[in-house]
Amino acid sequence: MATIARVWSHHIWPSVHRVRCVRCHRSPERSYSKQANNGCLHVHPKVSTALAKGQAVVALESTIVTHGMPYPDNLRTAQEVEKIVEQTGATPATVAILGGRLHVGLAENQLEGLATTQDVIKTSRRDLAWVMSRKRTGGTTVSATMIAAHMAGIPIFVTGGIGGVHREGETSMDVSADLMELGRTPVTVVSAGVKSILDIPRTLEYLETQGVTVATYGDSTDFPAFFSRSSGVKSHINVRTAKEAAEMIDANLSLGLGSGMLIAVPIPEEYAADGEQIEGAIQDAVSEASDQGIVGKDITPFILSRVNELTEGKSLKANMALIRNNAKVGSLIARELSSIRRGKGASTQIGNTTGKRSFSTHVLPGSNWGRRYFSLAAAGRPLVIGASIVDYNMSPRGKELQFGGLTNEGTIEVSYGGVGRNLADALTRLGANPAFLSAVGTDLAGEALRSNCSHMDFSLVSRHEDVSTAAYCAMLDTKGELVVGLGDMEINSAITPEYIAKHEATLSSAQFVCMDGNIPAETIQFVSALCHQHRVPLWFEPTCVVKSAKVCRSDAWKTLTYASPNFNELRSMYAALEGEETINFQDDPSFTDKLRECLQLSRVLLRHVYCLTITLGEEGILVCRNAEPEDQFVVDAQGLDDIEIDGMFSAVHYPAATSPTSEGGVVSVSGAGDCLAAGIVACMLSGHSPDVCVKAGLLAAERSLRSPHAVPTTLGTELTSPDFILEQMTFEPSRLQ
């Protein structure tokens, strides 16, 4: 293997017309996309799916949970607020920092943990970098929540009350960061105004200086003061309905002003009756804070706690009531805004517009292209086309399988697979927000599959009454290897060119397309032609030895950008190119001979295909492509346009992350290749280096191998963080010659 340690990077086939080599000069927009997806931001799948569909999403802060109320009132209020948002027809997205990562949308157990954790840092814009770098937990204030919401593409944020200019602020210069954030981040904040412990007139003057539109919600222009419906100061305007508010927000976003808006919602009248008593308690608490020398960020929690004591709990009830009311109003506005933006088909052009294909993508409500915050959803979604299958996995319990009509003791597990579904599932868990084209039946299996995939975007999957949902029954041995399988895949024939044509707009605007070999040959050809026509990179997953040949029995293979065969599937693809109909690979070559054969066969396919990711089981993967090993992977139209015809060829071998003898062993190999591909693609779309991309795929495959499910629930967006990936995978790959 000494010769296999040197770089394979020779110029070959100078006369071949379409041999391609990448010189991927990424546009500024691509680097911004990388900035927003560098592993710091985790968007909950429900939130990202809602955003991708253009549905209403409402951001919620977490300091109300961590610092605003005592337990269990904090948790109960947070849960009630999220429920109100959902019941009003929007998706709640509570923002917090957990273990150094900025989360937009929390799972139930995460919210509970946040409500009961003592060591939580109140995190404003100033504190974000430090809290995240120290891997701490943080409750986000208004300013930090606005930043996270804007990065995720959420235009509306609901809270209790915002900070402001403190009394005697003209000498102390004590001004909340919330006000500055409203002047530079285009997120609309719905609150009950400003707490009366602050200097409200100066706060509104400061907001005016920052160019922030301030409106009171309802029939009056009286600006509320949290517990009171009027502070004695007027808002500049009022908006009477959710629709009026949404139209104003839409105009602000369309103008690209770059500033936020404040919509002040008066506390419900039934709770304002105690306002005078609460205001008196506030003044007493302010005096006590002054006497005790309490200042800065500690003053608000102290006053709120002391006021609750002085009012015998009335202030807490009023606080909870106004927050619930704000949540309902904010959700109604978010719904109206979503309807307006979808109705307008708000879109923009980004990237190169000088002859090469540029992206035309739907603008998420709240996105500000001038600020260059990008998420994958905002930059154009990947699209997956392929099968959805219910898998029945049978495994012997402890003993080797016995044949000849004997009954084996074992376990039978039901899971959900299909290469296309697995890819879409894994990409969703990795934060890539894919659209998905597939077919299922209206039978019980189909409904169970749809229910299990509720975290994914299944809106484009066709449903059929006259055919069963695809099913596959696999018998595995004690090592988790497939012994025999039986499949009912008739429904995959419903993934026709006509079905794809109905969604051509989705494909043409996709950032990247993944396609599996389970779909009909004519559909493979049709998808390949559309991707070539619209300049969209295409990844082909062969799925099995027989189906891998389909793409090579026509010219469809010449339009592939990527293919991910295993060793025998690579052989099958080559055999199809040579016109061989019968495929029988019985030999078991050594690792060195296998590598040699892969390199020889790859050189033929790479006359048109840009990159082959060849899986070798326990022996790792081999990446062969028309590029230098360090060159960025092609992920967009500009990358395709920048490919040159000069015959560069390179090959890099990566060892497997898991072997059957490693600790924990292999539970099942089903889905490992799909998770490998998804991990690579997700990191490619985030703009990471080839080394990081492939190692991310290997980590994703490892998690699949250790799980009975094809796509494990342990798959998460940390696998798109270069720091995490390189910390886990310290080996250096081998460049082959």
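Residues numbered from 1 in each chain as written. Predicted model: local features only at pLDDT ≥ 70, side-chain atom pairs only at ≥ 80, totals over all residues. Heavy atoms only, no water.

Draft legend 1. The overall build of the chain, seen in detail. Scanning the chain from N- to C-terminus turns up 28 helices and 28 strands. A total of 737 residues make up the chain; the buried ones form 58% of that total. Considering only contacts within the chain whose residues lie at least 6 apart along the sequence, 73% involve residues at least 24 apart. Counting every atom, the chain has about 29,300 Å² of accessible surface; 49% of that belongs to carbon and sulfur. (Helix = DSSP H or I, 4+ residues; strand = E, 2+ residues; numbered from the N terminus. Buried < 20%, exposed > 50% of the residue type's maximum accessible area, 1.4 Å probe, protein only. Contact = heavy atoms within 4.5 Å. Areas by Shrake-Rupley, 256 points an atom, 1.4 Å probe, with all protein chains shown as cover.)

Draft legend 2. Local environment of the side chain of E569. Structurally, the position occupied by E569 is in helix α23 (residues 567-577). Of the side chains bearing the opposite charge, K547 lies closest to the buried E569, which forms no salt bridge; the N-O distance is 9.6 Å. Beyond its immediate chain neighbours, meaning those up to four positions away, E569 contacts P542, T543, C544, V545, S548 and S564. (Lys, Arg positive; Asp, Glu negative; His and termini not counted. Salt bridge = Lys/Arg side-chain N within 4 Å of Asp/Glu carboxyl O.)

Draft legend 3. Layout of the nonpolar core. Core analysis: the biggest nonpolar cluster contains 104 residues, and V104, I154, I263 and I333 have the highest contact counts within it. It is helix α15 (residues 314-344) that provides the largest number of residues to this core, a total of 11 residues. Residues V419, I621, C675 and L705 belong to the second largest nonpolar core, which totals 58 residues. (Core = buried A, V, L, I, M, F, W, Y, C linked by side-chain atoms within 4.5 Å.)

Draft legend 4. Structural detail: the sheet that holds strand β20 (residues 470-476). Judged by pairing direction, the sheet is mixed, and its 4 strands sit side by side in the order β16-β15-β20-β21 without closing on themselves. Since the sheet does not close on itself, it has two edges, and those belong to β16 (410-417) and β21 (482-488), each with one partner. Across the sheet, the axes of successive neighbouring strands diverge by a mean angle of 15°, strand direction being ignored. Across 6 bridges, β20 lies against β21 in antiparallel orientation. Along β21, the bridge assignment pairs L476 with L482. (Pairing = 2+ DSSP bridges. Axes fitted to C-alpha atoms, helices over the stretch in contact; angles between N-to-C directions.)

Draft legend 5. Quick peek at α23. Among the 11 residues in α23, 8 count as buried, and that is most of the element. Summarising the contacts, the buried residues of α23 are in contact with α22 (545-548), β24 (562-563), α24 (591-605) and β25 (611-615). For α23, the N-terminal cap is N566; the gap from its side-chain oxygen to the backbone nitrogen of N568 is 3.2 Å. Looking one or two residues past α23, G579 carries a phi angle of roughly 85°, positive in sign. (Polar contact = N/O pair within 3.5 Å; in protein donor to acceptor, adjacent residues only side chain to side chain.)

Draft legend 6. Layout of the pattern of salt bridges. Inspection of every chain in the model, using the stated rule, returns 25 salt bridges. Here R240 makes a salt bridge to D219, at a shortest N to O gap of 3.9 Å. With R240 in the loop between β10 (237-239) and α11 (242-255) and D219 in the loop between β9 (213-217) and β10, this residue pair connects regions lying 21 residues apart in the sequence. Classification of R240 by relative accessible area gives partly exposed; the value is 47%. Across the pair R306 and E309 runs a salt bridge whose closest N-O atoms are separated by 2.8 Å. Here the residue R306 and the residue E309 both occupy positions in helix α14 (residues 299-310), the gap between them amounting to 3 residues, near one helical turn. You can call E309 partly exposed: its relative accessible area is 49%. Taken together, the shared-partner salt bridges connect R125, E181 and R184 into one network.

Draft legend 7. Highlighting the packing of helix α17 (residues 419-429) against helix α26 (residues 672-685). The geometry of α17 relative to α26 is characterised by a closest axis approach of 9 Å and an angle of 45° between their N-to-C directions. It follows from the interaxial angle that α17 and α26 lie oblique. Note on packing geometry: the crossing formed by α17 with α26 is right-handed. When α17 is examined against α26, the residues V419, N422, L423, A426 and L427 are found in contact with a partner set consisting of D674, A677, A678, V681 and A682. Residue composition of the contact of α17 with α26, grouped by class: 8 nonpolar, 1 polar and 1 charged. (Parallel < 35°, antiparallel > 145°, perpendicular 65-115°, else oblique. Left-handed = near helix turned anticlockwise from the far one by under 90°. Nonpolar A, V, L, I, M, F, W, Y, C, P; charged D, E, K, R; others polar.)

Draft legend 8. Quick look at the environment of T123. Note on placement: T123 falls in strand β5 (residues 121-123). Ignoring any residue separated from it by four or fewer positions in sequence, one finds T123 in contact with I97, L128, V131, G138, G139, T140, T141 and A144. A distance of 2.9 Å separates a polar side-chain atom of T123 from the backbone oxygen of I121.

Draft legend 9. A look at unusual backbone geometry. Residues Y71 and P72 are joined by a peptide bond in cis, for which omega reads 10°. Mapped onto the elements of the fold, P72 is located in the loop between α3 (63-68) and α4 (73-87). Non-glycine residue N433 carries a positive phi angle of around 55°. Considering the arrangement of structural elements, one finds N433 in the loop between α17 and β17 (435-437). With phi around 80°, T543 is a residue other than glycine that occupies positive phi space. Along the chain, T543 turns up in the loop between β23 (538-541) and α22.

Draft legend 10. The arrangement of the pairing of β23 in detail. Neither face of β23 is exposed, since L538 and F540 on one face and W539 and E541 on the opposite face are all buried. Considered for its hand, the β-α-β crossover made up of strand β22 (residues 512-516), helix α21 (residues 521-534) and β23 is right-handed. Note that β23 and β24 share 2 bridges and pair parallel. Within β24, the residue paired with W539 across the bridge is Y562. (Right-handed = clockwise from strand over helix to strand, strands pointing away.)

Draft legend 11. Spatial organisation of the packing of aromatic side chains. Under the counting rule described, the total for this entry stands at 7 aromatic pairs. Ring centres of F512 and Y562 lie 5.7 Å apart, and the angle between their planes is 45°; on these two criteria the pair is classed as tilted. Pair noted here: F512 is in strand β22 and Y562 is in strand β24, with a separation of 50 residues, a long-range link. For Y562, a relative accessible area of 1% translates into the label buried. Judged by centre distance (6.5 Å) and plane angle (75°), the rings of Y654 and F731 are edge-to-face. Of this pair, Y654 sits in strand β27 (residues 650-654) while F731 sits in the loop between α28 (722-728) and β28 (734-735), and the two are 77 residues apart along the sequence. (Phe/Tyr/Trp six-rings, centres within 6.5 Å; stacked < 30°, edge-to-face > 60°.)

Draft legend 12. Representation of the sheet that holds β28 in the model. In space, the 9 strands of this open sheet follow the order β17-β14-β22-β23-β24-β25-β26-β27-β28, with mixed pairing throughout. Bordering the open sheet on either side are β17 and β28, each of which pairs with just one other strand. Bridge analysis of strand β14 (residues 382-385) against β22 gives 4 bridges, and the strand direction is parallel. Residue pairing for β22: L383 is matched across the bridge by V513.

Draft legend 13. Quick peek at the environment of L262. Mapped onto the fold, L262 is located in strand β11 (residues 261-264). In this structure, the C-alpha to C-alpha distance between L262 and V187, residues 75 residues apart in sequence, is 8.8 Å. Not counting chain neighbours up to four residues away, the residues in contact with L262 comprise I162, V189, S191, L207, V212, T213, V214, A215 and F223.

Draft legend 14. How the structure looks around the side chain of S564. Relative to the elements of secondary structure, S564 occurs in the loop between β24 and α23. One polar contact links S564 to W539, side chain to side chain, over a distance of 2.9 Å. In contact with S564, not counting residues within four places along its chain, are W539, F540, E541, P542, E569 and T613.

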